[in-house]
Amino acid sequence: MSAMDFIIGGLAGAGATIFTNPMDVVKTRLQLQGELRSRKEQPRQYRGLFHGLYVIAKADGVLALQKGLTPAVVFGFCMNSVRLGTYHAAEVQGWTQSNGSVNVQKAAFWAGASGFMSGLVANPMSVVKTRLQAAAHPSVAVGRQHMYTGTIDALMKIYKTEGFRGFFAGVHASCLRLAIGSSAQLTTFSILKEQLIANGFCQNSPALLACVASLACGILCVLLETPLDVVSTRIFNQGTSSKGDLMYKGVFDCLKKILKTEGVYGLYKGFGPLYLRIAPHTTLSLVIWDMLNITFEKKR
């Protein structure tokens with residue numbers, strides 16, 4: 001295990017984030033829209049992915065589609081440096097294999113464990129990112145609006161008003177989401193690459209191999225992650241209160257309230273933009289990760 005394993009993972013995640021952040025902004029707004037209201041009562045400032053992109057650009061300017069980019073890039077680096085770095089180290093040590101082939105149980109364990117740890121490390125940036133992305137012009141505002149001028153201002157105000165624990169709002173949902181998502185994503189990625197090579201596909205094209213294997217990971221990740229992603233967004237954005245009048249007391253309370261008021265539909269809000277963020281993000285980050293690892297291995 002070397003520091004380069006973690007740096008490569010971080011660079012892969014940060015690089016992919018630059019391209020997928022606009023989808024994350026729309027996803028956040030859709031997940032906060034109509035919070036704890038029945039489907040019939042919900043306002044529709046954003047009617048979907050493309051309408052969301054148009055409305056945000058019109059109300060707040062085109063640059064608003066990159067709101068929260070700084071914490072998003074830092075989040076992408078921190079989260080993926082731990083997640084991809086730990087998993088790659090486990091692969092190199094042979095901890096994800098049995099008899100020279102990928103072992104599903106072992107790979108799933110290390111992928112899940114690396115995802116869980118990455119959630120702990122990256123949670124503060126995820127809180128800041130979500131709140132900056134949710135801030136909007138009053139005509140299209142959804143959810144609680146936090147008035148921050150930027151990342152540093154957000155960090156200072158969160159610490160001042162909520163203390164250190166404010167940086168770890170929603171950490172349980174975040175860690176669980178990343179553990180499940182990473183387990184599905186990285187295990188599927190490893191198995192598909194192995195199977196493609198075994199069947200004679202993409203043997204002379206590592207980039208195409210990583211691309212094909214990563215495309216299949218996105219669908220599974222979004223199906224498993226979306227409910228917990230909605231919960232994370234809601235808890236990140238609600239802040240804390242000394243009066244105990246918060247909407248959600250925790251992960252299960254949030255899940256219960258969403259199901260009761262918004263139904264299953266509420267748990268899959270933002271599915272479209274989340275898929276269009278995760279699918280290319282998965283592809284970009286895993287291809288970059290694979291290529292950087294191959295390049296680094298050749299230079300050793």
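Definitions and limits used
Note that residues are indexed from 1 along each chain, following the sequence as it is written. Thresholds applied to this predicted model are a pLDDT of at least 70 for local features of residues and 80 or more for the giving and counting of side-chain atom pairs; totals over whole chains, interfaces and linings are not thresholded and use all residues. Side-chain metrics in this entry use all non-hydrogen atoms of the structure; hydrogen atoms and water are not considered. Here a helix means four or more residues in a row that DSSP labels H or I, a strand means two or more in a row labelled E, and each is numbered from the N terminus. The globule rule is 2.2 Å times the number of residues to the power 0.38, and the radius of gyration it is compared with is taken over C-alpha atoms. Relative accessibility decides the category of a residue: with a 1.4 Å probe and only protein chains considered, values under 20% of the type maximum give buried, values over 50% give exposed, and everything between is partly exposed. In what follows, a contact means two residues having at least one pair of non-hydrogen atoms within 4.5 Å. None of His or the chain ends enter the tally, which takes Lys and Arg as positive and Asp and Glu as negative. To locate a charge, take atom NZ for lysine, CZ for arginine, CG for aspartate or CD for glutamate. Only the stretch in contact is used when fitting a helix axis, every axis being a line fitted to C-alpha atoms; angles between N-to-C directions are given from 0 to 180 degrees. Here is the rule for angles: anything less than 35 degrees is roughly parallel, anything more than 145 is roughly antiparallel, 65 through 115 is roughly perpendicular, and the remaining ranges are oblique. Under the scheme applied here, ten amino acids are nonpolar (Ala, Val, Leu, Ile, Met, Phe, Trp, Tyr, Cys and Pro), four are charged (Asp, Glu, Lys and Arg), and all others, including Gly, are polar. UniProt positions are given in the numbering used here, feature names are shortened, and annotations may be inferred rather than shown by experiment. We define a salt bridge as a side-chain nitrogen of Lys or Arg found within 4 Å of a carboxyl oxygen belonging to Asp or Glu. Working definition of a nonpolar core: buried Ala, Val, Leu, Ile, Met, Phe, Trp, Tyr and Cys residues. They are joined through side-chain atoms within 4.5 Å. Centres within 6.5 Å are what make two rings of Phe, Tyr or Trp a pair, Trp counting through its six-membered ring; a difference in plane orientation under 30 degrees is then read as stacked, over 60 as edge-to-face, and the rest as tilted.

### A closer look at the overall build of the chain
So, step 1. Helix and strand counts for the chain come out as ten helices and two strands.
So, step 2. Ordered by position from N to C terminus, the α and β elements of the chain give α-α-α-β-β-α-α-α-α-α-α-α.
So, step 3. Computed over the C-alpha atoms, the radius of gyration of the chain is 19 Å, within 12% of the 19 Å expected from 2.2 N^0.38 for a compact globule of 300 residues.
So, step 4. Overall, the chain is about 55 × 35 × 35 Å in size when its C-alpha atoms are taken along their principal axes.
So, step 5. Across the 300 residues that make up the chain, the buried fraction comes to 52%.
So, step 6. If you take every contact in the chain between residues at least 6 apart in sequence, the share linking residues at least 24 apart comes to 79%.
So, step 7. Positive and negative charge centroids in the chain, built from 30 and 16 side chains respectively, lie 6 Å apart.

### Focus on the environment of K157
So, step 1. Tracing the backbone through its elements, the reader meets K157 in helix α5 (residues 151–162).
So, step 2. Sequence spacing of K157 and M147 is ten residues, and the spatial spacing of their C-alpha atoms is 9.4 Å.
So, step 3. Setting aside its immediate chain neighbours within four residues, K157 contacts M147, Y148 and E162.

### Some thoughts on the packing of helix α3 (residues 69–92) against helix α4 (residues 104–134)
So, step 1. Where α3 meets α4, the closest approach of the two axes is 8 Å, and the angle between their N-to-C directions is 170°. Our classification of the angle between α3 and α4 gives roughly antiparallel.
So, step 2. Of the residues belonging to the contact of α3 with α4, the class tally is 18 nonpolar, five polar and two charged.

### Looking at the UniProt feature "repeat: Solcar" (unreviewed entry) in the chain
So, step 1. UniProt records the feature "repeat: Solcar" (unreviewed entry) for residues 4–93, 102–195 and 205–295 in the present numbering.
So, step 2. In this annotation, residues 102–195 is assigned 72% helix and 1% strand; the end-to-end C-alpha distance for the span is 10 Å.

### Here's the deal with the pattern of salt bridges
So, step 1. Counted according to the given criterion, the structure contains eleven salt bridges.
So, step 2. Of the charged contacts, one joins E225 and R177 as a salt bridge, the two residues approaching to 3.2 Å between their closest N and O atoms. Taken together, the residues span a long stretch of sequence, with E225 in helix α7 (residues 206–238) and R177 in helix α6 (residues 171–198) at a distance of 48 residues. For the pair E225 and R177, a shared accessibility class is recorded, and that class is buried.
So, step 3. Salt-bridge contacts for K257 lead to D253; the nearest nitrogen and oxygen are separated by 3.2 Å. Residue K257 and its partner D253 are both found in helix α8 (residues 251–261); the two are separated by four residues, about one turn of the helix.
So, step 4. The exposure class of K257 is partly exposed, given its relative accessible area of 26%.

### Some thoughts on the nonpolar core
So, step 1. In this structure, L84, Y87, L186, F189 and W289 are the most contacted members of the largest nonpolar core, which totals 17 residues.
So, step 2. Mapped onto this core, the elements with two or more residues apiece are α1 (3–32), α3, α4, α6, α7 and α10 (271–299).
So, step 3. At four residues, α7 tops the list of elements feeding residues into this core.
So, step 4. The contacts of W289, once residues within four sequence positions are left out, are I8, G9, A12, L84, Y87, H88, E91, L186 and F189.
So, step 5. Core analysis: the next-biggest nonpolar cluster, separate from the first, contains 15 residues, L30, V55, L65 and A134 among them.

### Comments concerning α8
So, step 1. For α8, the set of buried residues is V251, D253, C254, L255 and I258.
So, step 2. Considering only its buried residues, α8 is in contact with α6, α7 and α9 (263–267).
So, step 3. Residue G263 follows α8 closely and has a positive phi angle near 75°.

### Considerations on the packing of aromatic side chains
So, step 1. Under the counting rule described, the total for this entry stands at five aromatic pairs.
So, step 2. When the ring of W95 is compared with that of W110, the centres are 5.1 Å apart and the planes differ by 25°; the resulting orientation is stacked. Remark: W110 occurs in helix α4 and W95 occurs in the loop between α3 and β1 (97–98); sequence separation between them is 15 residues.
So, step 3. Note on W110: relative accessible area 23%, which makes it partly exposed.
So, step 4. Their ring planes at 50° and their centres at 5.5 Å tell us that F164 and F168 sit as a pair that is tilted.
So, step 5. On the basis of relative accessibility, which here comes to 57%, the residue F164 falls in the exposed class.

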